[in-house]
Amino acid sequence: MNLHRPARTASRRAAQAVATLGAAVLLLTACGGGSDSGSSKPAADKTAEADSGSAKTRTVKDATGTAVEIPAEPKRIVTLTQEDLDAVLALDIKPVGITNGQGLDKPPAYLADKVQGINIVGNLLQPVMDKVVAAKPDLILAGDMQDEQVLKQLRQITPATLVTMAPTDDWKLFFRGVGNAVNKLDAANKFIADHEAAAKAAGEKLGKNKGAEVSIVRWNPGGPSWMENKQFASGVALEMGLKRPKSQNKDGNAHTPSLSLEKINEIDGDWLFLSTLTSDGAKALKDVQDKPAYKELGAVKNKQVVTVDGSVWSTRGGPLAADVVMEDYIKALSAE
């Protein structure tokens, strides 16, 4: 699976054939008309006046390559994933409707202080249509929604419904696509540049842990899975100049299947960053911590195991989440 939606491994792998469309397609149709939209307008851009003569619209292509007419300056945005929510909040936009976080029955904790008072319209990629209607959206950001029936219903609420992520899009490509959709592409690019500079600078200040090998693991009910290099939290580590254990140095954006206890040595490293997403996963981790195989891990012996928030680390990621992960690395690795 693409790491970030744990229950959809097969569909993610199969969908990689269309991944090249991605948020890049949405991005390539960036339009003029806002202060953050750039100084030039590509030939593919289309801007139109509504019949009233006052409401401007733009035509962009979403992550599936579908051309969608959206408001030039959307005012009432509904987000259906925490990645979409993360992205618009990073651009100083407050949506009118949001969904609960991944694996949660509430918004993700790292965004909680920013979403107080915003109506919840369902769970992750599971909108309650009556609640979406009540939010009166003029733009719906539908994440990596693949359910055509749900998309059809959403487009009946507003045709301005965008699939914002293709299966293999990383958070930066996705974020630029959202930035374009809300006419703040320049702001998105600046956020990314600032994050990359901060990550590089932070990595230089880690003392003896500079360039340390970090193992990034989510504990599932069936055992641990480690993350490949292009997975979200792995990418932040590499930006900081950190390394991956040899057994985990794989160029991909997913995670391994759950490993048996006999293969637990694959999760070892100088530092072990552990997360869970469900109560069953947390119980499975607790159960294994008394077993000799776990206790023999080098990171465990050296007391260099760090528990992190799976609802941040095990997602597809976003700009604000990237900063949270970076701060988690800094806090852990600067403590020595």
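Here, every reference points to the structure presented above.
Reading guide: rules and limits
Every residue gets a number counted from 1 within its own chain, in the order that chain's sequence is written. Where totals are concerned, whole chains, interfaces and linings use all residues; where local detail is concerned, this predicted model gives features only for residues with pLDDT of at least 70, and gives and counts side-chain atom pairs only at 80 or more. By convention in this description, side-chain values take in all heavy atoms of the structure and omit both hydrogens and water. Salt bridge criterion: a side-chain nitrogen from Lys or Arg within 4 Å of a carboxyl oxygen from Asp or Glu. Per the convention used, a helix needs a DSSP run of H or I reaching at least four residues, while a strand needs a run of E reaching at least two, with both numbered from the N terminus. Exposure classes here rest on a 1.4 Å probe applied to the protein chains alone. A residue is buried below 20% of its type maximum, exposed above 50%, and partly exposed in between. Criterion used throughout: strands pair if DSSP finds at least two bridges between them. To obtain each axis, a line is fitted to C-alpha atoms, and for helices this fit is confined to the stretch in contact; angles are then taken between N-to-C directions over 0 to 180 degrees. Here is the rule for angles: anything less than 35 degrees is roughly parallel, anything more than 145 is roughly antiparallel, 65 through 115 is roughly perpendicular, and the remaining ranges are oblique. Crossing handedness: left-handed means the near helix sits turned counterclockwise from the far one by under a right angle, and right-handed means the same turn made clockwise. Residue contacts are counted whenever heavy atoms from the two residues lie within 4.5 Å of one another. Note on residue classes: Ala, Val, Leu, Ile, Met, Phe, Trp, Tyr, Cys and Pro are nonpolar, Asp, Glu, Lys and Arg are charged, and everything else, Gly too, is polar.

**What about the pattern of salt bridges?**
Next up, step 1: Considering all chains together, one arrives at 10 salt bridges under this definition.
Next up, step 2: Note that R316 is salt-bridged to D144, the shortest N-O span being 3.4 Å. With R316 in the loop between helix 12 (310-313) and helix 13 (319-333) and D144 in the loop between strand 9 (139-141) and helix 5 (148-157), this pair connects stretches of sequence that are 172 residues apart.
Next up, step 3: When its relative accessible area of 2% is taken as the criterion, D144 is described as buried.
Next up, step 4: Where D251 meets K230, a salt bridge forms, and the shortest distance between an N and an O atom there is 3.7 Å. Residue D251 is found in the loop between helix 8 (232-239) and strand 13 (271-275), and its partner K230 is found in the loop between strand 12 (223-226) and helix 8; the two are separated by 21 residues along the sequence.
Next up, step 5: Since its relative accessible area comes to 53%, K230 is described here as exposed.

**Describing the sheet that holds strand 11 (residues 214-220)**
Next up, step 1: What the 4 strands build is an open sheet, ordered 12-11-13-14; its pairing is mixed. Of all strands in the sheet, those bounded by a partner on one side alone are strand 12 and strand 14 (305-307). Direction aside, neighbouring strands of the sheet carry axes that sit 30° apart on average.
Next up, step 2: Relative to strand 14, strand 13 runs parallel, the two sharing 3 bridges. By the bridge assignment for strand 14, L274 is matched with T307.

**Here's the deal with the packing of helix 3 (residues 82-90) against helix 6 (residues 171-181)**
Next up, step 1: At a minimum axis separation of 10 Å, helix 3 and helix 6 run at an interaxial angle of 60°. Relative to helix 6, the element helix 3 is oriented oblique. Crossing angle aside, the handedness with which helix 3 passes helix 6 is right-handed. Seen from helix 3, the contacting residues are E83, D84, A87, V88 and A90; seen from helix 6, they are F174, F175 and V178.
Next up, step 2: For the contact of helix 3 with helix 6, a count of residues per class yields 6 nonpolar, no polar and 2 charged.

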